[in-house]
Amino acid sequence: MVTLTRPDGTEPQDLHLTRRGAVASMFFAGYALAAVAADAKPVTTPEDGLTIDEVLIANGAEKPLPAYVARPKGNGRYPCVIVVNEIFGVHAYIKDTCRRLAKLGYVAIAPEFFYRSGVNLPALTDFNEIRKVVAQAGNDQVDGDVRAVSGWLKAQKFARGDRIGITGFCWGGAVVWRAAMVDPDIKAGVAWYGQLKPLIARAGELKAPVLGLYGGLDRGIPLTDVEAMRAALKAAGKTGSDIHVYPQAQHGFHADYRPSYSEADARDGWARLLAHFKAHGVA
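Rules of the game
Within each chain, residues carry numbers counting from 1 in the order of the written sequence. Where local features are concerned, this predicted model is filtered to residues with pLDDT of at least 70; where side-chain atom pairs are given and counted, the filter is 80 or more; whole-chain, interface and lining totals use all residues. Here the side-chain values reflect all heavy atoms present in the structure, with hydrogen atoms and water set aside. Throughout, a disulfide means two cysteine sulfur atoms within 2.5 Å of one another. The criterion is simple. A nonpolar core is a set of buried Ala, Val, Leu, Ile, Met, Phe, Trp, Tyr and Cys residues joined through side-chain atoms within 4.5 Å. Each residue is assigned to one of three classes by its accessible area relative to the maximum for its type, calculated with a 1.4 Å probe on protein chains only: buried under 20%, partly exposed between the two thresholds, exposed over 50%. Residue contacts are defined here by distance: any two heavy atoms, one from each residue, within 4.5 Å place the two residues in contact. Strands here mean DSSP runs of E at least two residues long; helices mean DSSP runs of H or I at least four residues long; both are numbered from the N terminus. By construction, the arc corresponds to the directions joining the helix axis to the C-beta atoms. Side-chain atoms alone can form a polar contact between residues adjacent in sequence; in general such a contact is a pair of N or O atoms within 3.5 Å, and within protein one must be able to donate a hydrogen while the other accepts it. The term salt bridge refers to a side-chain nitrogen of Lys or Arg lying within 4 Å of a carboxyl oxygen of Asp or Glu. Multiplying 1.5 Å by the residue count of a helix minus one yields the expected span of that helix. Working definition: rings of Phe, Tyr and Trp (its six-membered ring) pair if their centres are within 6.5 Å, and the pair is stacked with planes under 30 degrees apart, edge-to-face with planes over 60 apart, and tilted otherwise. The criterion for a charge sitting over a ring is simple: Lys NZ or Arg CZ within 6 Å of the ring centre, and within 35 degrees of the ring normal.

(A) Examining the state of the cysteines more closely. Inspection of every chain in the model, using the stated rule, returns zero disulfides. Here C80 stays free of any disulfide, with the sulfur of C98 as its closest cysteine sulfur at 12 Å.

(B) Here's a closer look at the nonpolar core. Counting 92 residues, the largest nonpolar core has I82, W171 and W177 as its most contacted members. When near neighbours in sequence (up to four residues on either side) are disregarded, I82 contacts I109, P111, V146, V149, S150, L153, I164, G165, I166, T167 and I186.

(C) Just helix α2 (residues 127–135), in detail. Of all the positions in α2, only I130, V133 and V134 are classed as buried. In a view along the axis of α2, the buried residues occupy a sector of 100°, so they form one face of it. The exposed set on the far side of α2, more than 90 degrees from its buried face, consists of N128, K132 and A135. Where the residues of α2 are buried, they touch α4 (171–182). Among the residues of α2, the N-terminal cap falls to D126, whose side-chain oxygen and the backbone nitrogen of N128 are separated by 2.8 Å.

(D) How the structure looks around the pattern of salt bridges. Counted according to the given criterion, the structure contains 16 salt bridges. Between E86 and R258 there is a salt bridge; the shortest N-O distance is 3.7 Å. Residue E86 is located in the loop between β4 (78–84) and α1 (92–103), and its partner R258 is located in the loop between β9 (242–246) and α6 (263–279); the two are separated by 172 residues in the primary sequence. Here E86 and R258 have matching classes, each one buried.

(E) Seen up close, helix α5 (residues 223–235). The terminal C-alpha atoms of α5 lie 18 Å apart, and with 13 residues this matches the ideal 18 Å at 1.5 Å per residue to within 8%. Along α5, the residues classified as buried are D225, V226, M229, A232 and L233. Considered in projection along α5, the buried side chains sweep an arc of 125° and stay on one side of the axis. Along α5, exposed side chains directed more than 90 degrees from the buried face belong to T224, K234 and A235. Packing partners of the buried residues in α5 comprise α4, β8 (210–215) and β9. Just beyond α5, the residue with positive phi is G237, at close to 75°.

(F) Looking closely at unusual backbone geometry. Located in the positive-phi region is C170, a residue other than glycine, with phi close to 55°. Assignment of secondary structure puts C170 in the loop between β6 (159–169) and α4. Exposure remark for C170: the relative accessible area of 17% places this residue in the buried category. Positive phi is not limited to glycine here, since Y193 has a value of about 40°. We classify Y193 as buried; its relative accessible area is 1%.

(G) The packing of aromatic side chains, seen in detail. Summed over all chains, the structure comprises 14 aromatic pairs. Plain terms: the ring middles of F27 and Y68 are 6.4 Å apart, the flat faces sit at 90° to each other, and that makes the pair edge-to-face. Residue F27 is located in the loop between β1 (15–19) and β2 (50–57), and its partner Y68 is located in strand β3 (residues 65–72); the two are separated by 41 residues in the primary sequence. Relative accessible area serves as the criterion here: at 9%, F27 is assigned to the buried category. When its relative accessible area of 0% is taken as the criterion, Y68 is described as buried. Three or more aromatic residues joined by ring pairs make a cluster, and in this case those are Y31, Y93, F169, W192, Y193, Y246, F253 and Y257. A cation over a ring is seen here: R71 above F158, with NZ or CZ 4.0 Å from the ring centre.

(H) Expanded view of the environment of W270. Residue position: W270 is located in helix α6. Along the sequence, W270 and V190 sit 80 residues apart, while their C-alpha atoms lie 9.6 Å from each other. Residues contacting W270, with those up to four places away along its chain left out, are T97, R100, L101, L104, W192 and H254.

Written out as structure tokens, the structure reads:
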């Protein structure tokens, strides 16, 4: 394990860096076993031109927060995106999403929010067991981890700490909405099909604009919740925030390893994500 030093030569106690190839990865190597489709042909983004790191971030817990980082090679400083996983933790799909963003000039970081359980979530196949682990990660704990990550980014010489965005999927979509309420370092967020019902009453707390991307055929998030959040955003004067619905899309339509994947909607949503970040000072 290699310990990084600050530009002034002092050693940061909040970060240890593991180079890929030097030791075993901290993260699951494949796709979430509980959701991967037998005939899936997921997008795979090569690592060439990128620096891939695995880091540990101090967050006030007994053990620090692991995170996967992808960024452009070189000595520049780049805008940042925190990538928040689904209920399956950090696996191949989430890591590939980071690399996609890194290819576009971002520092992309995916924290493993469920690490305290000690369970390798992507390896589980029983949804009941997965939900038990996810339930252990309370909102305050997760929101604190997000703030720890944004604080870590602000301390890195390769990162533009004044340009931090956040995006997340499913479970992570709800994290995005909350992060835009509680983390002052977040400039903008893009939430992919995250639960809305508990957050509608909190729309006025948004401090950064959020773009919500939802499926019209999502069985877990009714369109009545979408319309209620739209109304709440309007009532609160949150003009930079919006929700776009894909009428024929299911939950998980961006997840290219799952049966619910919709290539056309995923591509359109990705373009909207990039435009939202550019419009609100992240790019």
